[in-house]
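A structural walkthrough
Each chain, letter by letter, is given below.
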Amino acid sequence: MARLQIDIDYLADQLKKLLEIPSPTGFTDTVVRATGEELTRLGVPFELTRRGAIRAWLDGKASDQRRAVISHLDTLGAQVKQIKENGRLELVPIGHWSARFAEGARCTIISDRGSYRGTILPLRASGHTYGEGVDKLPVGWEYVELRVDALAKSHNDVQRLGIEVGDLVAIDPQPEFLDNGFIVSRYLDNKAGVALMLAALEAHKREKAVPTVDTYWLFSISEEVGVGASAVLSHDVASLVVVDNGTSAPGQNSSEFGVTIAMADQSGPFDYHLTHKLIQLCKENEIRHQRDVFRYYRSDSASAIEAGADVRTALATFGVDASHGYERINMHALRSVAELLTAYTLSPVVIERDAKEIGPMKGFTEQPLEEASQELGTGARTNGDPFVETEE
C-alpha cells in the first residue's frame, strides 16, 4: 500500500499547540497530558510510564512482530545554578546548547511559588555603560545571567520571591509560520517530530488504514539529556524508526525539504537493513530524500541500544537550519517524513526471523558485497562523464 495523504493544516495546528507548552526536560507533565488528550481525540489507545513517556499503538493485521516509531516531547532549557548578590540568576543548560543562543531570550522561571518572567542577558548588557566591552565578552554560560522581571535587586530579594537554586527555566520558542512554508522557532527539535507523528496517526485513522503489524507510537520525555527511549521501548519491538531533526549546515547533506535519512551519528552506523528499507520506500513512493552523516549528534536510537534493546534502528529526519539555536524548517520536510512513516507502517515485513530476539542462523539477513558494474558505454560522452552516453 502506498503512503497516505497528510493533512498539513492539521500538522501545523498541532505544532503550534505543542510550541505553546513549555517542556524543558524535567518539566514535561503538561505536554504529556496535551499529547494524550489528542491521542484520545483521534481514538488511538496509549499508556504511560511512571514518569510520563507515552506508548501509543495501532493494531496491525498481524502480531507476530512489532514495529515502533518514536520522537521526544522534551526540549532544551536551563536551571538556576546560583542566586547572585545583585539579584541576577546564574544558569546551567539543560541539554547541549550554546549560551550564544540564550543571549536576549525571554523566558519563564518555574518556582515552587509560581512562575516569573525574565530575560537572559550577557554580563555586559549595556552599550552605554561598557562601550566596546560589550563585544569583547566571551561566549559561555558563565558570561550570561537571568534578569527577573520582579523586585529582585539582591540575593535576599530573590529568595523572598521564592526562587531557588535548581528551579527550571523555559525559554520562549517565538514561533513564526510563514506563507511560503517556512517555520522559524526554537524547539522544532523535536516538537515538529511529535506533530508529524500525530499527523501520520491522523491519516491512519482518517483513511482507516491498518498497519501490516502491530505498531507502537512512542513519545519520550528525556531525550535531550540522553535517556529518551530507554524506558518506553519494550523488548517485543523488532525495528525502531526514530524521528528527529537533521542538521542543515555547510558540510552537511541535510535539507529543509524532503526526508533526510541519517546513515550514522556519533554512536555509529544505523541498522543497514532498516535504513535501506526507508530509502527504498522513499524511492517507491516518490518522496524526496537525501542521506547524511551526523558527527555531533545522538538520538533516541542511542539510548535504546545503550539500554540493551536488541532492536534495529533507523533515523528519519527533517533538516533543521541552526539546530539547537534559532531553528528553521519547511513544511515540505515535515509532510515528507510523515508520508514516509505511513509508507513504513503499511509496508510488508521482510525479515520474518526478527519476530524473536534469539533464533537460529536460518532466515538471518545478508548484506550485498557484489562487485559494482563498471562497463563503459560505446556512445558519445556528455559533460565529461564516462558513464553517461547519448544516442549515436
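Here we summarise the structure given alongside this text. All of these numbers come straight from a predicted model, not from anything done at the bench.

Scoring rules and cut-offs
Residues numbered from 1 in each chain as written. Predicted model: local features only at pLDDT ≥ 70, side-chain atom pairs only at ≥ 80, totals over all residues. Heavy atoms only, no water. Helix = DSSP H or I, 4+ residues; strand = E, 2+ residues; numbered from the N terminus. Rg over C-alpha atoms; globule rule 2.2 N^0.38 Å. Buried < 20%, exposed > 50% of the residue type's maximum accessible area, 1.4 Å probe, protein only. Contact = heavy atoms within 4.5 Å. Areas by Shrake-Rupley, 256 points an atom, 1.4 Å probe, with all protein chains shown as cover. Lys, Arg positive; Asp, Glu negative; His and termini not counted. Charge placed at Lys NZ, Arg CZ, Asp CG, Glu CD. Salt bridge = Lys/Arg side-chain N within 4 Å of Asp/Glu carboxyl O. Core = buried A, V, L, I, M, F, W, Y, C linked by side-chain atoms within 4.5 Å. Axes fitted to C-alpha atoms, helices over the stretch in contact; angles between N-to-C directions. Parallel < 35°, antiparallel > 145°, perpendicular 65-115°, else oblique. Nonpolar A, V, L, I, M, F, W, Y, C, P; charged D, E, K, R; others polar.

**Brief notes about the overall build of the protein chain**
When its secondary structure is counted, the protein chain shows eight helices and 20 strands. Computed over the C-alpha atoms, the radius of gyration of the protein chain is 24 Å, within 12% of the 21 Å expected from 2.2 N^0.38 for a compact globule of 392 residues. Projected onto its principal axes, the C-alpha positions of the protein chain cover 80 × 55 × 40 Å. In the protein chain, which comprises 392 residues, the share counted as buried stands at 53%. In the protein chain, of all internal contacts separated by at least 6 residues, the share reaching a separation of at least 24 is 75%. Here the protein chain has roughly 19000 Å² of accessible surface; of this, 49% comes from carbon and sulfur atoms. Looking at charge distribution, the protein chain has the averaged site of its 41 positive side-chain charges lying 4 Å from that of its 57 negative ones.

**Points about the pattern of salt bridges**
Per the counting criterion, the structure on display carries 18 salt bridges. Across the salt bridge formed by Glu38 and Arg41, the nearest N and O atoms sit 2.9 Å from each other. Linking Glu38 with Arg41, this pair stays in helix α2 (residues 29–42), spanning three residues, or about one helical turn. On the accessibility criterion, Arg41 (55% relative accessible area) is exposed. The partner of Asp172 in a salt bridge is Arg117, with the nearest N and O atoms 2.6 Å apart. In this pair, Asp172 is assigned in the loop between β9 (168–171) and β10 (176–177) and Arg117 in strand β7 (residues 115–122), connecting sequence segments 55 residues apart. Of the residues examined, Asp172 reaches a relative accessible area of 18% and is grouped as buried. When its relative accessible area of 31% is taken as the criterion, Arg117 is described as partly exposed. A single salt-bridge network, built from bridges that share partners, covers Arg3, Arg335 and Glu339.

**A word on unusual backbone geometry**
Trans peptide bonds make up the majority, and among non-glycine residues the majority have a negative phi. The amide bond that connects Asp189 to the next residue, Asn190, takes the cis arrangement and shows omega of 10°. Mapped onto the secondary structure, Asn190 falls in helix α5 (residues 188–207). Notably, Tyr187 is not glycine yet its phi reads approximately 70°, a positive angle. Examined against the element boundaries, Tyr187 turns out to sit in the loop between β11 (182–184) and α5.

**Comments concerning the nonpolar core**
Counting residues in each nonpolar core, the largest one holds 103 residues, and the members touching the most others are Leu196, Trp217, Phe318 and Leu334. Beyond its immediate stretch of four places on either side in the chain, Trp217 contacts Ile54, Arg55, Ala56, Trp57, Leu58, Val69, Met197, Ala200, Leu201, His204, Leu341 and Thr345.

**Observations concerning the packing of helix α1 (residues 8–19) against helix α8 (residues 331–345)**
Packed helix pairs are specified by the crossing angle of their axes together with the interaxial distance, meaning the distance between the axes. Where α1 meets α8, the closest approach of the two axes is 11 Å, and the angle between their N-to-C directions is 105°. Compared by their axis directions, α1 and α8 come out roughly perpendicular. Contacts between α1 and α8 pair Ile8, Leu11, Ala12 and Leu15 from the former with Met331, Leu334 and Arg335 from the latter. A per-class count over the contact of α1 with α8 returns six nonpolar, no polar and one charged.

**Overview of the packing of α1 against α2**
The geometry of α1 relative to α2 is characterised by a closest axis approach of 11 Å and an angle of 155° between their N-to-C directions. Relative to α2, the element α1 lies roughly antiparallel. Together, Tyr10, Gln14 and Leu18 of α1 and Val31, Thr35, Glu38, Arg41 and Leu42 of α2 make up the contact between the two elements. By residue class, the composition of the contact of α1 with α2 is four nonpolar, two polar and two charged.

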